[in-house]
Amino acid sequence: MKIDLTDTTASKINKALVKGRRAIGTPAVGMVLTLVIVTDEENAYDALKAADDASLEHPSRTLVVIKRVSRSPRDRTKSRLDAEVRVGADAGTGETVILRLYGEVSDHAQSVVLPLLLPDAPVVVWWSVDAPRDPAGDPLGALGQRRVTDSYAAEKPVEELKARAESYEPGDTDLAWARITPWRSMLAAALDQVDCEVVSVEVAGEEANPSVELLAMWLADRLHVHVRRAVSAGPGLTQVRLETTGGPITLHRSDGAMATLALPGQPDRAVALKRRETSELLAEELRRLDPDDTYASALRFGVDRLGGIQSASQRPEAATWTPGELPVRPVHDTSEPAAKPTGATASASPSAPSSSSSSAGEGDSARPTPAQMPPVKKADPQ
């Protein structure tokens, strides 16, 4: 059921929600949270579809905030709120209100959203595009216990990660982090099966994919070894290679679906590492509403502390590479011996489940090699 409201108010929207629930025979409210989606007209359909799919696992009231920019200065001074209320089969398993804000009311979206929040229920704010530099300081972000951004949708993903590290507050998270949950789980399980020391790590993936940077920072932060970021053709993450005293451990995925895990002294095995849809990533983030300390620690480690190799366009021999044959330079590490990756250390990631734009690898060629880098220490919490 859909109810269109033109030039309306929050009070009329609440009345329309009650009317819609009664019309379909479900007057009771059985939702667990309020999901506020901040987007634009271009991306509203995809964001709303992902939220509807995620509501199958997390019934919620979804408030879609779309700020409409008027063309003329005169129209920009006129405030108006249009709403589309959806209940029943048109709104997944919850309720959906699409809010279109015109004129000066666009600058006060929080005053429109606040009366529509479910009472005594957590609030999650998700920016599908154009996230603010400081999500916790944003008026809409201040309403939420959990603030979800997506650095993959940013124009400069690596710069976006740096901005997230500078402004991080408990409750912030990134869908780019959720994308690497299966990789982190698989690598932690692999290290539990071997008894050796990790010497260095190389992570390979698309040039403009911030998930590659986040996985590299997580490994460097947890294992206290130097990690290099390599560039491959993709799709997404393609390979993680851990050089250990017992031989290399390799997790390689070339097709975005199945991966091959190679452990020293063991036969190679195929593992499922499918690239997931946005709805699955969003559902994962909604499963936990407490601060993700592991994400915060990895984010604060810093992109600039990763070692780098040149991109494919800068290396003459790179044309002959395949994702499974990325060269690994010898490491002459002058730092203290790396701690043995015990199961507790390797498995310090959140329990699973919990966890494209301009070139993100432009600075890879300028990054130091492991031999030029100082000893790796855990980033200081802010």
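Report on the accompanying structure. (Residues numbered from 1 in each chain as written. Predicted model: local features only at pLDDT ≥ 70, side-chain atom pairs only at ≥ 80, totals over all residues. Heavy atoms only, no water.)

With respect to the packing of aromatic side chains
- Considering all chains together, one arrives at 2 aromatic pairs under this definition.
- Centroid distance Tyr168 to Tyr295: 6.1 Å. Interplanar angle 65°. Geometry classified as edge-to-face. With a gap of 127 residues between them, Tyr168 in the loop between helix H5 (157-167) and strand S8 (172-174) and Tyr295 in helix H10 (residues 293-301) connect regions that are remote in the sequence.
- With a relative accessible area of 7%, Tyr168 lands in the buried category. (Phe/Tyr/Trp six-rings, centres within 6.5 Å; stacked < 30°, edge-to-face > 60°. Helix = DSSP H or I, 4+ residues; strand = E, 2+ residues; numbered from the N terminus. Buried < 20%, exposed > 50% of the residue type's maximum accessible area, 1.4 Å probe, protein only.)

Observations regarding the pairing of strand S12 (residues 249-253)
- For S12, the buried fraction is high: 5 of the 5 residues fall into the buried class.
- Taking every second residue as pointing to the same face, both faces of S12 are buried, with Ile249, Leu251 and Arg253 on one and Thr250 and His252 on the other.
- One ladder, built from 4 bridges, connects strand S11 (residues 237-244) with S12; its direction is antiparallel. Its bridge partner lying in S12, Arg241 is registered against Thr250.
- Between the antiparallel neighbours S11 and S12 lie 4 residues, among them Gly247 with a positive phi of about 125°.
- Both S12 and strand S13 (residues 258-262) contribute to a ladder of 4 bridges, which runs antiparallel. Counterpart to Leu251 in the pairing with S13 is Leu261.
- In this structure, the hairpin formed by S12 and S13 is closed by a connection of 4 residues, where Gly256 is found at a positive phi of approximately 75°. (Pairing = 2+ DSSP bridges.)

Overview of the sheet that holds strand S2 (residues 33-39)
- Overall, mixed pairing links the 8 strands, which are arranged S1-S4-S5-S3-S2-S6-S7-S8 in an open sheet. Of all the strands in the sheet, just strand S1 (2-5) and S8 have a single pairing partner and so form its edges. Going across the sheet, the axis of each strand differs from the next one's by a mean of 15°, ignoring polarity.
- Alignment of S2 against strand S3 (residues 60-68), held across 7 bridges, turns out to be parallel. The residue bridging Ile37 from the neighbouring strand is Val64, located in S3.
- Across the sheet, helix H1 (residues 10-23) lies against S1, S3, strand S4 (80-87) and strand S5 (95-102), angled at about 15° from S4, the strand it touches most. (Axes fitted to C-alpha atoms, helices over the stretch in contact; angles between N-to-C directions. Contact = heavy atoms within 4.5 Å.)

Some points on the side chain of Asp138
- With respect to the helices and strands, the residue Asp138 is situated in the loop between strand S6 (123-127) and strand S7 (146-149).
- Here Asp138 occupies a buried position and makes no salt bridge, while the nearest side chain of opposite charge, Lys67, is found at 5.9 Å. (Lys, Arg positive; Asp, Glu negative; His and termini not counted. Salt bridge = Lys/Arg side-chain N within 4 Å of Asp/Glu carboxyl O.)

Re the packing of helix H2 (residues 41-54) against helix H9 (residues 278-287)
- Two elements in contact, H2 and H9, have axes whose closest approach is 8 Å; the angle formed by their N-to-C orientations is 55°. Judged on the interaxial angle alone, H9 and H2 are oblique. By crossing handedness, the relation of H2 to H9 is classed as right-handed. Contact with H2, carried on its side by Ala50, Ala51, Asp53 and Ala54, involves Thr278, Ser279, Leu282 and Ala283 of H9 and no other residues of that element.
- Across the contact of H2 with H9, the residue classes break down as 5 nonpolar, 2 polar and 1 charged. (Parallel < 35°, antiparallel > 145°, perpendicular 65-115°, else oblique. Left-handed = near helix turned anticlockwise from the far one by under 90°. Nonpolar A, V, L, I, M, F, W, Y, C, P; charged D, E, K, R; others polar.)

Brief notes about helix H8 (residues 210-223)
- In this model, H8 (14 residues) spans 20 Å end to end at C-alpha, consistent with the 20 Å of a helix rising 1.5 Å per residue.
- Of all 14 residues that make up H8, 13 are buried, and the element is covered over most of its length.
- Two to three positions downstream of the cap, the backbone nitrogen of Ser211 sits 3.0 Å from a side-chain oxygen, assigning the N-cap of H8 to Asn209.
- Note on H8: the residue one or two positions beyond its end, His224, has a positive phi of about 60°. (Expected span 1.5 Å × (residues − 1). Polar contact = N/O pair within 3.5 Å; in protein donor to acceptor, adjacent residues only side chain to side chain.)

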